[in-house]
Amino acid sequence: MINIQGLNKHYNKNHVLKDINLNISDPGIYAILGPNGSGKTTLLKSIIGLVIPEKGDIRVNGINVQDTPLYRNEISYLPQVARFPDNLRVVEVIKLIKDIRNQEADEFQLIDLFGLEAEMKKKLGNLSGGTRQKVNMLLGFLFDTPVIILDEPTNSLDPVSLTKFKKMIFEKKQQGKIIIYTTHIMSFVEEFSDKIFLLLDGRIIFTGDLQGILKETLESSLENAIVHLVDRNGNDKIY
Ligand SMILES: Nc1ncnc2c1ncn2[C@@H]1O[C@H](COP(=O)(O)OP(=O)(O)OP(=O)(O)O)[C@@H](O)[C@H]1O
Ligand SMILES: [Mg+2]
């Protein structure tokens, strides 16, 4: 479904993505991990077409993303920083996105799930950080697309919302969707990931499942396994 080959991206002299190869074809939950600035957001934005790489091939369902924007109808996207005008009300931003995408959507179940009924008439600028994130999450799950890309969806969520979010992505997986997400909460990844891609300084230094990364590093937790791999690769000065 998503095939990336030889992807390279520079921001001026900063080589942010280096020869990225990545294939995702089966339904499931895929975690893109890595330290701050390792290139996770840039990689996700490249798939959406918000970042234009200078080299490489990105295909979604066989379609080269540079050929047509139509493939985006297959993708839902929660950006790491979603910015809408502060004076828009929640109800208005939902309508805006529905009008732009012009795809079937059922927001009521999500409003109920995230307990947003009382927030619908409030302006975005007056919401708490976590409530804003719930609105963004609602927008990320609003459309019935085969691919869902979530850039740090767990940001600012309280434990109750986090539990609801877990339920949501588990349901989406059951429905046969591909969910790709980034997070810095490793316990979440341990619970919810079929495959992990670990980025370091623009390169993928590990691809595999939780058992695989623990086995490779002989560590007992994902957090330690990642520190181990980042140290090992950093110390070797390969990158
Ligand atoms: N629009 C931009 N212009 C210039 N440099 C950028 C831009 N966006 C990102 N970068 C640089 O690209 C590198 C990777 O950034 P990116 O946002 O992809 O990292 P990340 O892995 O998502 O980090 P985080 O965990 O902090 O979200 C960083 O060095 C960053 O400064
Ligand atoms: Mg990021």
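In what follows, the accompanying structure is described. Small disclaimer: the values here were computed from a predicted structure and weren't measured. (Residues numbered from 1 in each chain as written. Chains lettered and ligands numbered in written order. Predicted model: local features only at pLDDT ≥ 70, side-chain atom pairs only at ≥ 80, totals over all residues. Heavy atoms only, no water.)

## As for the sheet that holds strand S4 (residues 55–60)
Across a sheet, paired strands are connected by hydrogen bonds in the backbone, their directions being either parallel or antiparallel. Pairing is antiparallel across the open sheet formed by four strands, whose spatial order is S2-S1-S4-S5. Pairing within the sheet leaves two strands with one partner each, and these edge strands are strand S2 (14–24) and strand S5 (63–64). Strands in contact with helix H1 (residues 40–48) are strand S1 (2–11), S2 and S4; relative to S1, the strand with the most contacts, it is inclined by about 120 degrees. (Pairing = 2+ DSSP bridges. Helix = DSSP H or I, 4+ residues; strand = E, 2+ residues; numbered from the N terminus. Contact = heavy atoms within 4.5 Å. Axes fitted to C-alpha atoms, helices over the stretch in contact; angles between N-to-C directions.)

## A look at the site of ligand 1
Around ligand 1 sit 14 residues in total, of which Gly 37, Lys 40, Thr 41, Thr 42 and Gln 80 are the nearest. Between ligand 1 and Gly 39, the relevant distance is 3.0 Å, taken from an oxygen atom to a main-chain nitrogen or oxygen of the residue. Looking at the shell around ligand 1, the elements with two or more residues in it are S2 and H1. Looking at the shell around ligand 1, the element that brings in the most residues is H1, giving three residues. (Near = heavy atom within 4 Å. Polar contact = N/O pair within 3.5 Å; in protein donor to acceptor, adjacent residues only side chain to side chain.)

## Comments concerning the coordination of the magnesium ion (ligand 2)
The expected angle between donors at a tetrahedral four-coordinate metal is 109.5 degrees. At an octahedral six-coordinate metal it is 90 or 180 degrees. Binding of the magnesium ion (ligand 2) to the protein goes through Thr 41 (OG1) and Gln 80 (OE1), at separations of 2.0 to 2.1 Å. Here Thr 41 is found in helix H1, whereas its partner Gln 80 is found in the loop between strand S6 (75–78) and helix H2 (90–101), with 39 residues between them in sequence. Among the residues examined, Thr 41 registers a relative accessible area of 21% and is labelled partly exposed. By relative accessible area, which is 31% here, Gln 80 ends up partly exposed. (Donors = N, O, S within 2.8 Å, 3.2 Å for Na, K, Ca; no water. Buried < 20%, exposed > 50% of the residue type's maximum accessible area, 1.4 Å probe, protein only.)

## Thoughts on the pairing of strand S9 (residues 195–200)
Burial analysis of S9 places five of its six residues in the buried class, which makes it a mostly covered element. Of the pairings in the sheet, the one linking strand S3 (residues 28–33) to S9 comprises four bridges and is parallel in character. When the bridges of S9 are listed, Tyr 30 appears paired with Lys 195. Here five bridges tie S9 to strand S10 (residues 203–208), and the two strands are oriented antiparallel to one another. What sits directly across from Leu 198, in S10, is Phe 206. In this structure, the hairpin formed by S9 and S10 is closed by a connection of two residues, where Asp 201 is found at a positive phi of approximately 50 degrees.

## Digging into the layout of surface pockets
Here the largest pocket is characterised by a volume of approximately 570 Å³. Lining the largest pocket we find 20 residues, and of these Ile 48, Ile 75, Tyr 77, Ile 97 and Arg 101 sit closest to its centre. Residue assignment for the lining of the largest pocket shows that the elements contributing at least two residues are S6, H2 and helix H4 (129–141). At four residues, the largest contribution of residues to the lining of the largest pocket is made by S6. Residue composition of the lining of the largest pocket, by class: 14 nonpolar, three polar and three charged. (1 Å grid on protein atoms, 1.4 Å probe; cavity = no way out; pocket = protein on both sides within 12 Å on 5 of 7 lines; lining within 4 Å. Points joined across faces, edges and corners; volume = space filled by probe spheres on them. Nonpolar A, V, L, I, M, F, W, Y, C, P; charged D, E, K, R; others polar.)

## Here's the deal with H1
For H1, the buried fraction is high: seven of the nine residues fall into the buried class. Gly 49 sits one or two positions beyond H1 and adopts a positive phi of about 95 degrees.

## Topic: the side chain of Asn 136
Relative to the helices and strands, Asn 136 resides in helix H4. Residue classification places Asn 136 among the buried positions, given a relative accessible area of 11%.

## Let's talk about the nonpolar core
Membership of the largest hydrophobic core comes to 49 residues, with the highest contact counts inside it found for Leu 33, Phe 141, Leu 150, Phe 165, Ile 169, Ile 213 and Leu 222. If one sorts the elements of this core by residue count, H4 sits on top with five residues. Those residues in contact with Leu 33 that sit more than four places away from it in its chain are Lys 40, Thr 183, Met 186, Val 189, Ile 196, Phe 197, Leu 198, Leu 199, Leu 222 and Ile 226. Listed in part, the 26 residues of the second largest apolar core include Leu 7, Val 16, Phe 197 and Leu 199. (Core = buried A, V, L, I, M, F, W, Y, C linked by side-chain atoms within 4.5 Å.)

## Brief notes about the environment of Arg 89
Note on placement: Arg 89 falls in the loop between S6 and H2. Residue Arg 89 is classed as partly exposed on the basis of its relative accessible area of 33%. Here the alpha-carbon distance between Arg 89 and Thr 182, two residues 93 residues apart in the chain, equals 28 Å. Other than its neighbours up to four places away in sequence, Arg 89 contacts Met 120, Lys 121, Lys 122 and Lys 123.

## Examining empty space enclosed by the protein
Rolled over the atoms, a probe with the dimensions of a water molecule shows which regions are left empty. What the rule picks out here adds up to one cavity of 30 Å³ or more. A volume near 50 Å³ is recorded for the largest cavity. Looking at the lining of the largest cavity residue by residue, the classes come out as four nonpolar, one polar and one charged.

By themselves these figures say nothing about function.
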